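Okay, here's what each chain looks like letter by letter:
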Amino acid sequence: MTTKKPITIAVSGLNNIDSPGPGIPVIRALKESTIYDVRIIGLSYEALEPGLYMHKLVDKSYQVPFPSAGTEALMERLRYIHNQENIAVIIPNFDAELSNFMNLENEILQEFGIKMFLPTQEQFDERHKANLFEFGKKHDVKVPFSKMMFNTSEIHSLQQEFTYPMVVKGRFYDAYIAYNQEQVATYFNKLVAKWGLPIIIQEYVFGSEVNVTAIGDGNGNAIGAVPMRKLFITDKGKAWAGISLDDQKLVEIAKRVISSSKWRGGMELEFIKTAEDEYYLLEINPRFPAWVYLAKGCGQNHPEALIRMALGETVEPFDKYEVGKMFVRYSFDMIVDLKEFEQISTLGEL
Amino acid sequence: MIHKIREWALIGMFNRMRIKKNIAISESGFIFNPTTGDSFSTNPIGFEIINLLKEEKSKDEIRAFILDRYFIDESTFEKDFYDFSTLLQSSQIAEE
């Protein structure tokens, strides 16, 4: 009998809500690791993130400052948390917090010895929604034409480059399909209020949405890639159910992107597959998706592979996954003692 | 004449249709396309026809089998087979 190695891992993205963060699925995959006996430290931003109260999955939680508070505040908070918990690896799961963690990656390693396995700033920037069209040209992947928009006065001139419908996307999250100028203006204001500037206008491509959860080793090797099609989509466009696909063309495109960009860490690639079997890359999310637990269900434990690589191990690429595995989400009411809410709200830890 | 040509064309269609190799079909008539993630269910006759197509039977052989087994006239078979074949192709289950 082999003994699993004890390890403490801090994970953010505990917002397991209708537009879920990837934290809880990542934690579930880690808890089912065959190599590590994992103690999970949850990093939360809000006192009502459901993961805070999932004590079977999250052993201890700490509030962390919002990304807008900057790197110094984050460093100070991590100093305190690390003194209590002796963290070995951090997996940040929010797009909005990644910049701070990437900027601090060396400092966190030097001062605390905590490891992370993140994309480089250059990789993070070039796959940004605003730069994706150029990214596609560079890495030989079809991307719908897109451009940034900073002011509603630009709406009228959009017709010179786009036809309706067009997709209006927020800087970090959310996207809407607009069928006329009025809708573009409405969505522009809505997205700016939530995520700030710029707004991205993207050509609308008709087809079915297929996604890939993947992980790269930073040297051009795709360690794992599992394609999925959403079977049930919420009004926020999130997958409530999905199924793993036998789509080798899609896997090859994902591997090509990882190889060409030398992607380091977890990622999600979102594509539209047209009726002519053409794939258009819509978005690259620079972290695991909220459905990453499906990869574990298909035989590829991507979060476990990420921990191994963060710890400096060489990981052999997965060579297969199970096709036709489904995930179906559900909502679940936890009964929570007010004391717990009080504790995380006032003391910042639970 | 035009009508006749169209009829012949229809009869000639789907003569070499085959079920895609990776399509999974269970005994219950549940069909899964692992490339697209789509799933369907078919009735017992549909299930029989799909299995005959999987065995690479020609349309003539399938017609003979169905007419022999079921109380159905040839023109109804032609119409239903055409509809079913179109559905199989548009669902990316079969190809010519």
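Just above sits the structure.
Residues numbered from 1 in each chain as written. Chains lettered and ligands numbered in written order. Predicted model: local features only at pLDDT ≥ 70, side-chain atom pairs only at ≥ 80, totals over all residues.

Caption draft 1: Highlighting the overall build of chain B. On a plain count of helices and strands, chain B comes out with four helices and five strands. Residue burial in chain B is summarised as follows: out of 96 residues, 16% are buried. A separation threshold of at least 6 residues defines the contact pool for chain B, and within that pool the share at least 24 residues apart is 54%. (Helix = DSSP H or I, 4+ residues; strand = E, 2+ residues; numbered from the N terminus. Buried ≥ 20, exposed ≤ 12 C-beta atoms within 10 Å, placed from the backbone. Contact = placed C-beta atoms within 7 Å.)

Caption draft 2: Expanded view of the pairing of strand β8 (residues 199-203) of chain A. Residue and element names in this part refer to chain A. Of all five residues in β8, four are buried, a share of seventy percent or more. Alignment of strand β5 (residues 146-149) against β8, held across four bridges, turns out to be antiparallel. The residue bridging M148 from the neighbouring strand is I200, located in β8. Strand direction decides the pairing type here: strand β6 (residues 166-169) and β8, joined by four bridges, are antiparallel. The residue bridging K169 from the neighbouring strand is I200, located in β8. (Pairing = 2+ DSSP bridges.)

Caption draft 3: Structural detail: the interface of chain A and chain B. Facing the eight residues of chain A at the interface are six residues of chain B. For the side of chain A that touches chain B, the residue count by class is four nonpolar, one polar and three charged. (Nonpolar A, V, L, I, M, F, W, Y, C, P; charged D, E, K, R; others polar.)

Caption draft 4: Main features of the pairing of strand β12 (residues 264-273) of chain A. All names here are of chain A. Most of β12 is tucked away, with eight of its ten residues classed as buried. By the bridge criterion, ten bridges tie strand β9 (residues 208-217) to β12 in an arrangement that is antiparallel. Within β12, the residue paired with V212 across the bridge is L269. Where β12 folds back onto strand β13 (residues 279-285) in an antiparallel hairpin, the turn is made up of five residues, including D277, whose phi is positive at roughly 65°.

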